[in-house]
Amino acid sequence: MNSRQKQSEVSRRDFLRVGSLSFVGLSMAERAALAATRSDRSEKNCILIMMTGGASQLETFDPKPDAPAEIRGPLKAISTTVPGLQVSEAFPQLAQRTGQFSLIRSLYHDAAPIHETGHQLIQTGRVSRGSLNYPCFGSVVARQWGPRGDAPPFVVLPRLVHSLGVNTYRGQQATFLGEEFAPATTIGMKSASTEYEIEVAGESPAIQQQYGKHRFGKLLLQARQLVERGTRCVVVNLFDDLHEQLTWDCHGTGAGTAGKVYEYRDSLGPAFDKALSTLLDDLASRGLLQDTLVVATGEFGRTPQINASGGRDHWPHVWSALVAGGATPGGRVIGASDSRASSPVERPVHASELTASIYQHLGLNPQSCLARQDDQQISLVDAAPIGELFQG
């Protein structure tokens, strides 16, 4: 068996056991084969935090305090450390850290307004065409750069998204690249329950308390552990199932989507605010933030007007993202939505441009090509990176 075959054999295994973030049952020969494939050609990392369900732009990063009540909603806007910049009252800790990140307020896409298309666009840069599903950026990076030491190059926490509403591709797999470049996970897909316990091993009670002993905190702490140990790409699914639980999918009515927008203030927002603020501080204190691009966004936004059930519905026409680290500037706002947060009015940013920006940070030219199984060449993304994110 040559070194390439050995690498493939190692890559197909479940790299992680729940919470331990360590290899399971690798032989000495397999460990040696993995070490032989070590590639440090790019020291850059990425943590993509998917606010699964589609977080409302108005209740997160683009409040409209001067809009009518039925548009602005029940949450207040608060000032930040950047003069003139406001965010939702759900994020008081992030409001004190606006110098550490930039906000994109003009993301959009024009595909079908379902969760799956947004996930595809953010994580692959494309929408599937017929039976052709494009690989997640993490799988492309795994193929191009390989592992660092004994860390899996690409991990999805805690597992792949499922049960989003439509039975189609969700953008988190290796597809035609092959299973050897599929993401590792900490919880297998066989688990039927969403009420599993996410364990964090080897961390002090103090740091666990800072992140928060809730789902968001544990997942972001695991993401930091992985990057610190050499994983290149981590996708964090803040929710991997939208059914029968409170998520960012705040329709205000219907089975499993009963959340109203005030839940952003009372439950979702505080947990997210604490976990993400701590992650940014933690990465910076460990000297990892400069090389680690952190992106937090949903797969689309929410309707400008609150519906009769006190929620907001799917709206891919404009939403927001937070981008930090990776030598991107802090305290910057890219793009703008109109007075109702219904469409971009300044610097529209297509979702695929965000994917292209992730590729650029990770050392890959978005216009470089992949070979499909039929040897047809396709570019990684048909979009350019967001230039404003890489201008000093």
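Since we're looking at a predicted model, the values are computed, not measured.

Quick notes on the rules
Residues numbered from 1 in each chain as written. Predicted model: local features only at pLDDT ≥ 70, side-chain atom pairs only at ≥ 80, totals over all residues. Heavy atoms only, no water. Core = buried A, V, L, I, M, F, W, Y, C linked by side-chain atoms within 4.5 Å. Buried < 20%, exposed > 50% of the residue type's maximum accessible area, 1.4 Å probe, protein only. Helix = DSSP H or I, 4+ residues; strand = E, 2+ residues; numbered from the N terminus. Contact = heavy atoms within 4.5 Å. Pairing = 2+ DSSP bridges. Polar contact = N/O pair within 3.5 Å; in protein donor to acceptor, adjacent residues only side chain to side chain. Phe/Tyr/Trp six-rings, centres within 6.5 Å; stacked < 30°, edge-to-face > 60°. Lys NZ or Arg CZ within 6 Å of the ring centre and 35° of its normal. Salt bridge = Lys/Arg side-chain N within 4 Å of Asp/Glu carboxyl O. Axes fitted to C-alpha atoms, helices over the stretch in contact; angles between N-to-C directions. Parallel < 35°, antiparallel > 145°, perpendicular 65-115°, else oblique.

Draft legend 1. Representation of the nonpolar core. Grouped together as the largest cluster of nonpolar side chains are 52 residues, with contacts concentrated most on Ile49, Trp248, Phe272 and Leu276. Ranked by the residues each element gives to this core, the list is headed by helix α9 (residues 263-285), at 9 residues. Aside from chain neighbours lying at most four places away, what touches Leu276 is Ile49, Leu94, Leu220, Val294, Ala296 and Leu322. Core analysis: the second largest hydrophobic core is formed by 47 residues, Leu132, Tyr134, Val141 and Trp145 among them.

Draft legend 2. Representation of helix α10 (residues 351-361). In terms of residue burial, α10 counts as a mostly covered element, since 10 of its 11 residues are buried. Taken together, the buried positions of α10 are Ala351, Ser352, Glu353, Leu354, Thr355, Ala356, Ser357, Ile358, Tyr359 and His361. Looking at the residues trailing α10, positive phi occurs at Gly363, about 90°.

Draft legend 3. Highlighting the pairing of strand β5 (residues 154-157). The side-chain alternation of β5 yields two buried faces, one formed by Phe154 and Val156 and the other by Val155 and Leu157. Here 4 bridges tie β5 to strand β7 (residues 233-237), and the two strands are oriented parallel to one another. Residue pairing across strands places Phe154 opposite Cys233, the latter belonging to β7. In this structure, β5 lies alongside strand β6 (residues 184-185), joined through 2 bridges in parallel fashion. Its bridge partner being in β6, Val155 is matched across the sheet by Ala184.

Draft legend 4. Looking closely at the side chain of Ser102. For Ser102, the location among the structural elements is in strand β4 (residues 101-108). Of the polar contacts made by the side chain of Ser102, one reaches the backbone oxygen of Pro329; its length is 2.6 Å. Look past the residues within four positions of Ser102 in its chain and what remains in contact with it is Ala321, Leu322, Val323, Pro329, Gly330, Arg332 and Leu389.

Draft legend 5. Molecular detail of the packing of aromatic side chains. Applying the stated rule across the entire model yields 6 aromatic pairs. Both rings, one in Phe61 and one in Phe91, keep their centres 5.3 Å apart while their planes meet at 35°; by these two values the pair is tilted. Separated by 30 residues along the polypeptide, Phe61 in the loop between β1 (45-50) and α3 (69-72) and Phe91 in the loop between β3 (86-88) and α4 (92-95) bring together distant segments of the chain. With relative accessibility at 2%, the residue Phe61 sits in the buried group. With a relative accessible area of 1%, Phe91 lands in the buried category. Measuring from centroid to centroid gives 5.5 Å for Phe91 and Phe272, while their planes differ by 45°, and the two rings are tilted. With Phe91 in the loop between β3 and α4 and Phe272 in helix α9, this residue pair connects regions lying 181 residues apart in the sequence. For Phe272, a relative accessible area of 1% puts it in the buried group. Directly above the aromatic system of Tyr134 lies the positively charged group of Arg126, at a separation of 5.0 Å from the ring centroid.

Draft legend 6. Structural view of unusual backbone geometry. Of note, the amide linkage connecting Leu157 to Pro158 takes the cis form, showing an omega dihedral of -15°. Look at Thr175: it is not a glycine, yet its phi comes out positive at around 45°. Mapping Thr175 onto the fold places it in the loop between β5 and β6. Residue Thr175 is classed as partly exposed on the basis of its relative accessible area of 25%. Phi at Arg347 is positive, roughly 45°, even though this residue is not glycine. Within the fold, Arg347 resides in the loop between β14 (344-346) and β15 (349-350). Overall, Arg347 belongs to the partly exposed group, its relative accessible area being 26%.

Draft legend 7. Spotlight on the pattern of salt bridges. Following the criterion strictly, the structure yields 18 salt bridges and no others. For Arg302, the salt bridge identified is with Asp249, shortest N-O distance 2.9 Å. Of the two residues, Arg302 sits in strand β9 (residues 301-302) while Asp249 sits in the loop between β7 and α9, which places them 53 residues apart along the sequence. Look at Arg302 and you get buried, because its relative accessible area is 0%. The exposure class assigned to Asp249 is buried, which follows from its relative accessible area of 4%. A salt bridge links Arg347 to Glu353; the shortest N-O distance between them is 3.1 Å.

Draft legend 8. Molecular detail of the packing of helix α5 (residues 115-124) against α10. Following both chains from N to C, one finds α5 and α10 inclined at 30°, their axes separated by 6 Å at the closest point. Judged by the inter-axis angle, α5 sits roughly parallel to α10. For the pair formed by α5 and α10, the contact residues are Leu121, Ile122, Gln123 and Thr124 on the first element and Ala351, Ser352, Leu354 and Thr355 on the second.

Draft legend 9. The pairing of strand β11 (residues 319-325), seen in detail. Most of β11 sits inside the fold, with 7 of its 7 residues counted as buried. Relative to β11, β4 runs antiparallel, the two being bridged by 5 bridges. Each bridged residue has a counterpart across the sheet, and for Ile104 the counterpart in β11 is Ala321. Here strand β8 (residues 292-297) runs beside β11; their pairing, made up of 5 bridges, is antiparallel. Bridged to Val295 within β11 is Val323.

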